[in-house]
Amino acid sequence: MKQYRHALIGCGRISKNHIAAAIANRDIMVLAAVCDPVAERAEKKAADYFEATGIKPAVYTDYRKMLEELDVDSCAIATESGYHARIALDCIHAGKHTLVEKPMALSTADAELMIAEAKKKGVTLGVCHQNRFNAPIQHLHKALEDGRFGKLVSGTARILWNRTMPYYQQAPWRGTWALDGGTLMNQCIHGIDLLQWSLGGEPDTIMAMTGNYLRDIEAEDFGAILIRFKNGAIGIVEGTACIYPKNLEETLTISGATGTAVIGGLAVNRVETWNFETPAPQDTEVEKLVGADPRDVYGSGHNPLYRDFFTAVDNHTEPLVSGTEGIKGMKIILAAYKSQKTGLPVKYDGLDFATTDMTHADVEVKG
């Protein structure tokens, strides 16, 4: 595999994971540039990479200038959510393979355009749903592929976290409809992606109730979603930023006729239940994972996600989390927002909706 020249656009909260992934995968990539409107943040990330590799990335404050001046093969976008689509499209049109942090966009139209334009330009588009690479989740998906669950009945994603007002005040774009959405779009999208991936990835109908209870933000701080999949299985989402006093759990439960699995911990990285009618060789490997948990809610999935992305680029194949995969969880959330706004069930197919179609009045809880 060639060594790809890569640029990171956005040096905020999640950028440390992108820097760590670039360091871990330096046999197949080199971080050629970092970019952030705040020069000090970009300089800090460049210094972190230099300390580990001896290579100093170029520092930019304007990604458009970077695309014009610098020869790179790929870009990762880790800016505020509301800017993902515009920056991604600029990178795609410049012929760069593009890896976008979640959510890939805040509207179905933008996400669909990103997928179409990447295909037209012949570049790879990937989305950072790194929890798919958690070892317990990989085992869960293998069990699903092997048919160990039998007929699927249901799945539940519970994201019970705490985000206080200082978190939102630290970055005023958070919790806004224009640049973020609420807890479902920001904190819960990884769990929702895993839920839909596990239950077949083909939703039919979505119903939701959401509300703004405790946080002084435009969007919701609690949401509940009910999803009927085309295979008949039902998915349930409980997501909140209101848990007192700190993050409690992110748990995925999958239930079928001949199997039940629960992957929990802080970030779906700990095996809590693993019961199947018929034993299989993977059960021995799963036993070794019982009790393990990541150090923080991000886990370590960015490292294998980056390797998978560049392997796909090199082989001209689709990464595990392609654009067509990355849109799915985002689209479920937008359907949930539309359901909250209208009070009606929403069909997944043909959905055309954006976070900017919502207002604070749509989620305001009175009384």
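Engineer: Go over the sheet that holds strand β14 (residues 346-347) with me, naming the residues and quoting the values.
Structural biologist: Strand order in the open sheet formed by 8 strands is β13-β12-β11-β7-β10-β9-β8-β14, with mixed pairing between adjacent strands. Edge positions in the open sheet fall to β13 (270-276) and β14, since each of these has one partner strand only. In this sheet, strand β10 (residues 234-240) lies alongside strand β7 (residues 152-160) in parallel orientation, the contact comprising 7 bridges. Its bridge partner lying in β10, L160 is registered against T240. Sitting on the sheet, helix α9 (residues 189-198) touches β7, β9 (222-229), β10 and β11 (249-256), and the angle it makes with β11 is about 10°.

Engineer: I'd like a description of the sheet that holds strand β6 (residues 125-128), backed by residues and values.
Structural biologist: Whenever strands of a sheet pair, they do so through backbone hydrogen bonds, lying parallel or antiparallel. Taken in spatial order, the 6 strands line up as β3-β2-β1-β4-β5-β6 in an open sheet, and their pairing is parallel. Both outer strands of the open sheet, β3 (58-60) and β6, are each paired with one neighbouring strand and no more. Pairs of neighbouring strands in the sheet enclose a mean axial angle of 25°, with direction left out of account. Pairing analysis gives 6 bridges linking strand β1 (residues 4-9) to strand β2 (residues 29-35), with the strands arranged parallel. Across the sheet, residue I9 finds its bridge partner in β2, namely C35. Along the sheet face, helix α2 (residues 39-53) touches β2 and β3 and points at about 160° away from the line of β2. This element, helix α4 (residues 84-93), spans β1, β4 (74-77), β5 (97-101) and β6 of the sheet and lies at about 170° to β5.

Engineer: Could you give an account of the nonpolar core, naming the residues involved and the relevant values?
Structural biologist: One finds M66 and L140 to be the most contacted residues of the largest nonpolar core, which totals 106 residues. Discounting residues that sit within four places of it in the chain, L140 has contacts with F149, S198, L252, I254, A261, I263 and W274.

Engineer: I'd like a rundown of the pattern of salt bridges, residues and numbers included.
Structural biologist: Inspection of the entire model under this criterion finds 20 salt bridges. Measuring nitrogen to oxygen at the nearest pair gives 3.0 Å for the salt bridge that ties E249 to R158. Taken as a pair, E249 in strand β11 and R158 in strand β7 lie far apart in primary sequence, 91 residues in all. The class of E249 is buried, set by a relative accessible area of 17%. Its relative accessible area of 31% is what places R158 among the partly exposed residues. Overlapping salt bridges, with partners in common, bring together R132, D193, E325 and K328 in one network.

What counts and what doesn't
- Residues numbered from 1 in each chain as written.
- Predicted model: local features only at pLDDT ≥ 70, side-chain atom pairs only at ≥ 80, totals over all residues.
- Heavy atoms only, no water.
- Pairing = 2+ DSSP bridges.
- Helix = DSSP H or I, 4+ residues; strand = E, 2+ residues; numbered from the N terminus.
- Contact = heavy atoms within 4.5 Å.
- Axes fitted to C-alpha atoms, helices over the stretch in contact; angles between N-to-C directions.
- Core = buried A, V, L, I, M, F, W, Y, C linked by side-chain atoms within 4.5 Å.
- Buried < 20%, exposed > 50% of the residue type's maximum accessible area, 1.4 Å probe, protein only.
- Salt bridge = Lys/Arg side-chain N within 4 Å of Asp/Glu carboxyl O.

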